[in-house]
Amino acid sequence: MLIIGLTGSIATGKSTVSSLLSSAPYQLPIIDTDLLARKVVEPGTPGYKAIVDYFGPTTPDLLLPPPPNDLPTSTSSSKSPNRPLNRPALGRRIFGTDPSRTRDREVLNKIVHPAIRREIYKSILYYYVRGHWAVVLDVPLLFESGMDLMCGVVMVVGVRDARVQMERLRARDAHLSETEAEDRVRSQGDVSGKVERAEWRGEGRGVVVWNDGDKRDLEGEVRRAMEGITVGRWWTWVLWMVPPVAVVVAGWNLGRNFWLKKGWEGRERERGRKVKL
């Protein structure tokens, strides 16, 4: 089964591309890590408890207010385990580039990422057993989390004009100030860097979907990208029918992606040295 890693930066149109890929004519199953991230921090989960323990003492509005009809009792408290996380409040703690927010974001990632990975592995196995030829792994921080290693193809949704990205974000999330919007964009990295890294993987292993126009233009970009990917669909069926071969191919793909990543990191180190000079 082919794993297509879908990524981009905030407000580049990744969710729209994900929706297109899940619809006809592609009809690919989507593993949305944003949804999984919500699932693993629902009230009562270990992730929820860890977040409340760490962020709760210094974030008074970390939890949403109780419903009006939820009257306090002698056994309840303002930190009721039934109250969901206040995601905007948590976002204000972790989005940004100053050291304290960077540290808090790293703490949150260490809590959430292992749980998300377990859910991803279970989902991949589920779709493999059901005979899907490909699955889309929708991860905003695909490269940063190292999940690109498991992907046969990486698809980056990008925009050439950063102003388009900011305008879309503020139109979508009207409650964000200009500073908050900029913090969120910076926290997910420059999309041009992700585009360059996808292209580094080589033809057929890294594709870019440009989304500077309207939805019709985007549909054309997705169609162009998928035409190159679906050429090898027959091979994925062979791998499904012969599991031992699939294991060997998966190991080879992992190894190749590992060396591609090492090559990229070496290139970036060399580029950094030249900049210092």
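Conventions adopted
Residues numbered from 1 in each chain as written. Predicted model: local features only at pLDDT ≥ 70, side-chain atom pairs only at ≥ 80, totals over all residues. Heavy atoms only, no water. Axes fitted to C-alpha atoms, helices over the stretch in contact; angles between N-to-C directions. Helix = DSSP H or I, 4+ residues; strand = E, 2+ residues; numbered from the N terminus. Parallel < 35°, antiparallel > 145°, perpendicular 65-115°, else oblique. Left-handed = near helix turned anticlockwise from the far one by under 90°. Contact = heavy atoms within 4.5 Å. Nonpolar A, V, L, I, M, F, W, Y, C, P; charged D, E, K, R; others polar. pLDDT = per-residue confidence, 0-100. Buried < 20%, exposed > 50% of the residue type's maximum accessible area, 1.4 Å probe, protein only. Pairing = 2+ DSSP bridges. Salt bridge = Lys/Arg side-chain N within 4 Å of Asp/Glu carboxyl O. Domains from an automatic or database assignment. Buried area = accessible area lost by both parts, 1.4 Å probe. Polar contact = N/O pair within 3.5 Å; in protein donor to acceptor, adjacent residues only side chain to side chain. Phe/Tyr/Trp six-rings, centres within 6.5 Å; stacked < 30°, edge-to-face > 60°. Lys NZ or Arg CZ within 6 Å of the ring centre and 35° of its normal.

### Observations concerning the packing of helix α1 (residues 14–22) against helix α10 (residues 215–229)
With their axes 11 Å apart at the nearest point, α1 and α10 run at an angle of 60 degrees to one another. Classified by the angle between their axes, α1 and α10 sit oblique to one another. For the pair α1 and α10, the sense of crossing is right-handed. Together, T16, V17, L20 and L21 of α1 and K215, L218, E219, V222 and M226 of α10 make up the contact between the two elements. Grouping the constituent residues of the contact of α1 with α10 by class yields six nonpolar, one polar and two charged.

### Overview of the confidence of the model for the protein
Chain-level statistics for the protein give a pLDDT mean of 85 and a share of 91% at 70 or above. Here residues 74–79 is a poorly scored stretch, pLDDT under 50, and it has five contacts once near neighbours within four places are set aside; other chains count.

### Details of the pairing of strand β3 (residues 134–138)
The element β3 is extensively covered by neighbouring structure, given that five of its five residues are classed as buried. Alternating positions in β3 separate into two faces, A134, V136 and D138 on one and V135 and L137 on the other, with burial throughout. Pairing between strand β1 (residues 2–8) and β3: five bridges, direction parallel. Each residue of the ladder has a partner; that of I3, found in β3, is V135. Where strand β2 (residues 30–32) and β3 come together, three bridges link them in parallel fashion. Its bridge partner lying in β3, I31 is registered against L137.

### Quick notes on the sheet that holds β1
By way of backbone hydrogen bonds, the strands of a sheet pair with one another, either parallel or antiparallel. One open sheet holds the five strands; their spatial order is β2-β3-β1-β4-β5, and the pairing between them is parallel. Because the sheet does not close on itself, it has two edges, and the strands there are β2 and β5 (206–210). In this sheet, neighbouring strand axes are inclined to one another by 20 degrees on average, regardless of whether the strands run parallel or antiparallel. Along the sheet, α1 makes contact with β1, β2, β3, β4 (153–158) and β5, crossing β1 at roughly 150 degrees. Lying over the sheet, helix α5 (residues 99–129) contacts β1, β2 and β3, oriented at roughly 175 degrees with respect to β2.

### A short note on helix α4 (residues 87–94)
Buried residues of α4: A89, L90, G91, R93 and I94, and no others. Within two residues after α4, G96 carries a phi angle of roughly 140 degrees, on the positive side.

### Quick notes on the pattern of salt bridges
For the coordinates displayed, the defined rule picks out 13 salt bridges. Between D138 and K14 there is a salt bridge, with the nearest N and O atoms lying 2.6 Å from each other. Pair noted here: D138 is in strand β3 and K14 is in helix α1, with a separation of 124 residues, a long-range link. K14 shares its class with D138; the two are buried.

### Let's talk about the domain arrangement of the protein
Each domain of the protein was delimited in the assignment, giving domain 1 (1–29 + 133–276) and domain 2 (42–69 + 77–131). Distance from the C-alpha centre of domain 1 to the C-alpha centre of domain 2: 24 Å. Its largest share of buried area at the contact with domain 2, domain 1 owes to M1, R184 and W240, together 29% of the area lost on that side. Taken together, domain 1 and domain 2 are joined by zero salt bridges. Linking domain 1 to domain 2 there are one residue pair in polar contact (both at pLDDT 80 or more). Only β3, α8 (178–187), α11 (233–241) and α12 (243–276) provide two or more residues apiece to the side of domain 1 that touches domain 2. Of the residues contributing to the side of domain 1 that touches domain 2, the split by class is 13 nonpolar, three polar and four charged.

### Let's talk about the packing of aromatic side chains
In this description, a pair of aromatic rings is defined by centroid distance and the angle of the planes. On inspection of all chains with the given rule, the structure shows four aromatic pairs. Aromatic pair Y126 and Y127: ring centres 5.2 Å apart, planes at 70 degrees, arrangement edge-to-face. Seen in terms of ring centroids, F258 and W259 are 5.5 Å apart; in terms of plane orientation they differ by 80 degrees. Their pairing is edge-to-face. Given a relative accessible area of 37%, F258 falls into the partly exposed group. One residue, R160, lies across the ring of W210, its end atom 4.1 Å from the ring centre.

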